[in-house]
Amino acid sequence: MSPKFSRIYKMVTSIFGSGASAPATSSALISYIRAEANALSRTVQNKLRDSISIKDFGAIGDGTTDDTTAISNALSAAAGRSLEIPCTDSYYKISNELTVADGTTIYGYGWTSRLKQTTATKNIFLLGNNCSVIGVRCSGDGVARNATDFTEENGIYATGKRNIVIERCIVDGWQSAGIQVRDCFNAQILNNFCYGNYYSFPGGTSVSSDIISYSGVAGGRIIISGNLCLSDNSQGIYVSPQQVDHDITIVNNICLTLDANWAEKASGSLNRRHGIIVSYGGGGNSGRITVAGNVCRNTLVGGIYSSGGASGQHALTITGNVCSLNGFSSTSDNTICGGITINGGVPALVLSNNVIHDFQGTTAAGVGGITYNGRSEEHTSELQSRSAIS
């Protein structure tokens, strides 16, 4: 190499690097600065490392390649930071569960940021503390069957964790639940789209739901708000604090049973029993639960159903809800049919300003638009007079 060419070569490689190290060296030498006032200069390499994508670790998203290892590696690298799920024309195939470290946020862009679990009995995400999942589509394998355990076959699952946010996700094709938080504290389940989840009996009980909050640990604070729960499973939203103190709000959700063509499912083929269940079998002192501003439509049994045992939850507010086309069941379930049905006592109850219409079940005494077991007919009539029933 001539001396002149050698000098040129050294100058070029000092700027752009050489061999395998060229990309990293080059990006480290190019500066980046935002246009706004007071912004500081940094390298392009530093800027690009602000976020991590599953594609950085080899995820393909063609619906054929198993992307489990690539996404697991990405989650490890993004622990305590944020991880992007880019859009894909197909889906990212998953064959095992993905453990999310404490403090991690996973984000996507809606319908086409799609992960699909292809192994029966597996969830997709197992969340840690202080985790968020935002704008990601989580699909099950799409095979109808009875799950054997409702801690399995959920799209997004957290157990015994704190400070969980699940927002603007799409969950479909699951046997247990699209979203389940179990024994968790400070969870927000907001503005999610749940559809095409299946009716099954995980653990021998009919808890298959679009959204589940279940807890045997006191101190839970749960917000379930703004969700579309459109599946034909056992219920849209299932909340069950098991005789422990909780503060829970269930507000502004739509629980409506649709078929595969996005039409209201015909009554003769309905599986969904209830729109919303609160404190099922909860027993005494299950805390304070507010159910407000929801629409619960097209169910076999009830729109809103509370069954808290002899003493029930400590305080229950049911107000401003619309329940319609409930009570199609002709089996023994018709004894609890109602637009709103409450079984068991409630020490402090507000039940007012609800709209119950097009109730389909029996009109026998104690069963109908609003049913309250364990209270006198006079009190039941008083409760009904505060709501519109047609």
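How each quantity is defined
Residues numbered from 1 in each chain as written. Predicted model: local features only at pLDDT ≥ 70, side-chain atom pairs only at ≥ 80, totals over all residues. Heavy atoms only, no water. Helix = DSSP H or I, 4+ residues; strand = E, 2+ residues; numbered from the N terminus. Buried < 20%, exposed > 50% of the residue type's maximum accessible area, 1.4 Å probe, protein only. Contact = heavy atoms within 4.5 Å. Areas by Shrake-Rupley, 256 points an atom, 1.4 Å probe, with all protein chains shown as cover. Polar contact = N/O pair within 3.5 Å; in protein donor to acceptor, adjacent residues only side chain to side chain. Pairing = 2+ DSSP bridges. Core = buried A, V, L, I, M, F, W, Y, C linked by side-chain atoms within 4.5 Å. Salt bridge = Lys/Arg side-chain N within 4 Å of Asp/Glu carboxyl O. Phe/Tyr/Trp six-rings, centres within 6.5 Å; stacked < 30°, edge-to-face > 60°. Lys NZ or Arg CZ within 6 Å of the ring centre and 35° of its normal.

A few points about the overall build of the chain
Within the chain, the secondary structure is distributed over 5 helices and 34 strands. Across the 390 residues of the chain, 50% fall into the buried class. In the chain, once contacts between residues fewer than 6 apart in sequence are set aside, the share between residues at least 24 apart is 73%. A total of about 16,100 Å² of accessible surface is found on the chain, and carbon and sulfur atoms cover 53% of it.

Remarks on the environment of Ser-324
For Ser-324, the location among the structural elements is in strand S29 (residues 322-324). A relative accessible area of 3% means that Ser-324 is categorised as buried. Along the chain, Ser-324 and Ile-340 lie 16 residues apart, while their C-alpha atoms are 10.0 Å from each other. Excluding its chain neighbours within four sequence positions, the residues that come into contact with Ser-324 are Cys-296, Arg-297, Asn-298 and His-357. Here Arg-297 takes part through its side chain, which lies 2.6 Å from a polar atom of the side chain of Ser-324.

Section: the sheet that holds strand S16 (residues 185-190)
Reading across from one edge, S3-S4-S7-S10-S13-S16-S19-S22-S25-S28-S31 is the order of the 11 strands in this open sheet, with parallel pairing throughout. Each edge of the open sheet carries a strand with a single partner, namely strand S3 (52-53) and strand S31 (348-352). Bridging between strand S13 (residues 162-167) and S16 involves 5 bridges; their strand directions are parallel. Across the sheet, the residue bridging to Arg-162 is Phe-185, located in S16.

Some details on the nonpolar core
Formed by 60 residues in total, the largest nonpolar core has its most connected members in Leu-115, Phe-125 and Leu-127. Among the elements that line this core, the one with the most residues is helix H4 (residues 68-77), at 4 residues. With residues up to four places along the chain from it excluded, the contact list for Phe-125 reads Leu-98, Val-100, Ile-106, Leu-115, Val-133, Val-136, Cys-138, Gly-155, Ile-156 and Tyr-157. Within the second largest apolar cluster, 14 residues are counted, among which are Ala-177, Val-207, Val-301 and Ile-336.

Here we look at the pattern of salt bridges
In this structure the tally under the stated criterion is 8 salt bridges. Close ionic contact of Arg-288 with Asp-247 constitutes a salt bridge, the shortest N to O distance being 2.5 Å. Here Arg-288, found in strand S25 (residues 288-292), pairs with Asp-247, found in strand S22 (residues 246-251); they are 41 residues apart in sequence, far enough to count as distant. You can call Arg-288 partly exposed: its relative accessible area is 31%. Judged by relative accessible area, which is 32%, Asp-247 ranks as partly exposed. Through salt bridges with shared partners, a single network forms among Asp-141, Arg-145 and Glu-153.

Remarks on the packing of aromatic side chains
This model, assessed by the stated rule, comprises 7 aromatic pairs. Measuring from centroid to centroid gives 6.2 Å for Tyr-107 and Tyr-109, while their planes differ by 85°, and the two rings are edge-to-face. Assessed through its relative accessible area of 48%, Tyr-109 is described here as partly exposed. Ring centres of Trp-111 and Tyr-195 lie 5.7 Å apart, and the angle between their planes is 45°; on these two criteria the pair is classed as tilted. Taken as a pair, Trp-111 in the loop between strand S7 (105-107) and strand S8 (114-117) and Tyr-195 in strand S17 (residues 193-195) lie far apart in primary sequence, 84 residues in all. Within the aromatic cluster, the residues linked to one another by ring pairs are Trp-111, Phe-193, Tyr-195 and Trp-262. Sitting over the face of the ring of Phe-185, Arg-162 holds its NZ or CZ atom 4.3 Å from the ring centroid.

Nothing here speaks to function; it is all geometry.
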